[in-house]
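Geometric and topological summary
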Amino acid sequence: MIERTLFSSEHLVGFLEEKDPIKIQELLTSAYKVKVDNIGSKVYLRGLIELSNICTKNCYYCGIRHANSNVLRYELSEEQVLGAAMFAWKSNYGSLVLQAGERTGTNYIKKVTKLVKKIKELSNGELGITLSLGEQSKEVFQEWFDAGAHRYLLRIETSNPNLYSKIHPNNKDHSWERRLQALINLKEVGYQTGTGVMIGLPYQTSQDLANDLLFMKEFGIHMVGMGPYLKHSETPLGQLVIGNQQLAGGNQSLEISLKMVALLRLLMPKINIAATTAMQVIDPEGRDKAVLAGANIIMPNMTISEVRKNYQIYENKPGIKDDAAISKSKLEANLSKNGIEIGWSQWGDSKAFE
Ligand code: 5AD
Ligand code: SF4
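Since the structure is predicted, the reported quantities are computational estimates derived from the model, not experimental observations. Within each chain, residues carry numbers counting from 1 in the order of the written sequence. As they are written, the chains are lettered A onward and the ligands numbered 1 onward, keeping that order. The predicted nature of this model means local features are confined to residues of pLDDT at least 70 and side-chain atom pairs, given and counted, to a pLDDT of 80 or more, with totals for whole chains, interfaces and linings taken over all residues. With hydrogens and water set aside, each side-chain value is computed from the structure's full complement of heavy atoms.

**Digging into the side chain of glutamate 157**
- Each helix corresponds to a stretch of at least 4 residues labelled H or I by DSSP, and each strand to a stretch of at least 2 residues labelled E; elements are numbered beginning at the N terminus. Within the element layout of this structure, glutamate 157 appears in the loop between strand 4 (151-153) and helix 6 (161-166).
- In this scheme, a residue with accessible area under 20% of its type's maximum is buried, one over 50% is exposed, and one in between is partly exposed, where area comes from a 1.4 Å probe on protein chains only. Look at glutamate 157 and you get buried, because its relative accessible area is 9%.
- Pairs of N or O atoms within 3.5 Å make up the polar contacts considered here, provided that, within protein, one atom can donate a hydrogen while the other can accept it, and that residues adjacent in sequence are counted only when both atoms are side-chain atoms. At a separation of 3.4 Å, a polar atom in the side chain of glutamate 157 contacts the side chain of arginine 179.
- Contacts are assigned to residue pairs that have any heavy atoms within 4.5 Å of one another. Once residues lying within four places of it in the same chain are set aside, the contact partners of glutamate 157 are Tyr61, Tyr164, His168, Arg179, Gly196, Val197, Met198 and Leu201.

In structure tokens, the structure reads:
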């Protein structure tokens, strides 16, 4: 069994670079045990609704970046969103996530506020609501919190400001400091706050990844979703042919992602950790493998099938032809094959959140 107190920066780098399959398996198994001992073995679901692929930003890695004119932009109607929320509630999902590209503007803000209130109403307050709508002002975070959202996901993408500046345009809309401040604001407003990073980015080192883990620990994050960086050929980063490109979407990046999940679980036994869709892109059982390495959250896609193909932040996103019911049955079949039990109708809040 791996001693938890040994996790200095050097140890973390050592684990991330470990090649011996037996030692790697030992790490993953230890993390699974720590999860079961601290928060139990169940996996909690958050039905994912991709509200809109309209985005004002231009992150160099993302397929739906503003400058990609090949993307057919959409915005779900209130009826469509409430229909999906009803599906989540009737399916006993417990929680849902509203995700979209980043936008501001009063009409948009008010629309989200109204959606959150209506989802709370239609589910008698039973559905937990997580938002993943990018950087907003503290006032907007507060407005959505007061409307009934109680968790927020905002990835820091990398804890290294220098690496951040290489994968984003250099302007005030893409500032690492601003991203960090937004995370601080979310916590102050009272959200269960989630962050995450991409793994296997060009220019990224094992030391960067070790620092990412230490950043999350030091910040006292409540939830984490992280996964492999995957190439999208209509993006500046996807067209770049230097750096550790062999990692982008390769098996090696799944292995490092699983190590990252396991190490984070050992560092932060009580937080919620997502088994992300990006892991499933590399390996159909990637999400299940992440659960067996310490993750406890899965976000099945519930976006209506007509628009799914338009939300391709990376290529080969799985299930773009499926609808919510098919995603649900595929997921259940996979999990039960691996003996993983679901916490139906429960919020599955982060035990690290007091
Ligand atoms: N590969 C992997 N993850 C990506 N994201 C965006 N583009 C990619 C990509 N090409 C992730 C970012 C963002 C989240 C919504 O999706 O981490 O925060
Ligand atoms: Fe927009 Fe998010 Fe994609 Fe950046 S990662 S371009 S903010 S959708």
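There's more to say after this.
**Details of the pattern of salt bridges**
- Any carboxyl oxygen of Asp or Glu that lies within 4 Å of a side-chain nitrogen of Lys or Arg is treated as forming a salt bridge with it. Per the counting criterion, the structure on display carries 20 salt bridges.
- In this structure, lysine 289 engages aspartate 283 in a salt bridge whose closest nitrogen and oxygen atoms are separated by 2.5 Å.
- The salt bridge partner of lysine 330 is aspartate 322, with a shortest N-O separation of 2.7 Å.
- Residue aspartate 322 is classed as buried on the basis of its relative accessible area, which comes to 11%.
- A single network of salt bridges, built from pairs that share partners, joins Lys57, Glu102, Glu135, Glu157, Lys172, Asp173, Arg178 and Arg179.

**Structural notes on helix 5 (residues 138-147)**
- Regarding helix 5, the residues found buried are Val140, Phe141, Trp144 and Ala147. Down the axis of helix 5, the smallest arc covering the buried residues is 125 degrees, so these residues share one side. Away from its buried face, by an angle of more than 90 degrees, helix 5 presents the exposed residues Glu139 and Asp146.
- Lining the buried residues of helix 5 we find helix 4 (106-122), strand 3 (128-132), strand 4 and helix 7 (176-189).
- In the segment just after helix 5, glycine 148 is the residue with positive phi, at about 130 degrees. By arc we mean the arc of the directions from the helix axis to the C-beta atoms, nothing more.

**Description of unusual backbone geometry**
- A positive phi angle is found at glutamate 157, which is not glycine, with a value near 70 degrees.
- Although it is not a glycine, tyrosine 203 sits at a positive phi angle of roughly 75 degrees.

**So, the site of ligand 1**
- Every residue close to ligand 1 is listed here: Tyr61, Cys62, Gln99, Arg155, Glu157, Met198, Pro228, Tyr229, Leu230, Ile313 and Tyr314.
- The contact in question runs from a nitrogen atom of ligand 1 to an N or O atom on the backbone of tyrosine 61, over 3.0 Å.
- Leucine 230 places a polar main-chain atom, nitrogen or oxygen, 2.6 Å from a nitrogen atom of ligand 1.
- Residue burial considers only the protein chains on display, and all accessible areas are found by Shrake-Rupley using a 1.4 Å probe. Considered on its own, ligand 1 offers 400 Å² of accessible surface; in the complex 85% of this is hidden by protein.
- In this classification, the charged set is Asp, Glu, Lys and Arg, the nonpolar set is Ala, Val, Leu, Ile, Met, Phe, Trp, Tyr, Cys and Pro, and all remaining amino acids, among them Gly, are polar. A per-class count over the shell around ligand 1 returns eight nonpolar, one polar and two charged. We call a residue near a molecule or strand when any one of its heavy atoms sits within 4 Å of it.

**Some remarks on the site of ligand 2**
- In the region of ligand 2, the neighbouring residues are Cys55, Lys57, Cys59, Tyr61, Cys62, Ile64, Arg65 and Gly101.
- Grouping the constituent residues of the shell around ligand 2 by class yields five nonpolar, one polar and two charged.

**Quick look at the nonpolar core**
- Residues enter a nonpolar core if they are buried and are Ala, Val, Leu, Ile, Met, Phe, Trp, Tyr or Cys, with the set joined through side-chain atoms within 4.5 Å. In this structure, Leu98, Leu131 and Met226 are the most contacted members of the largest nonpolar core, which totals 106 residues.
- In terms of residues, this core owes the most to one element, helix 9 (residues 251-267), which gives 10 residues.
- The contacts of leucine 131, once residues within four sequence positions are left out, are Leu98, Val116, Trp144, Ala149, Arg151, Tyr152, Leu153 and Tyr191.
- Listed in part, the six residues of the second largest apolar core include Tyr44, Leu48, Ile297 and Met299.

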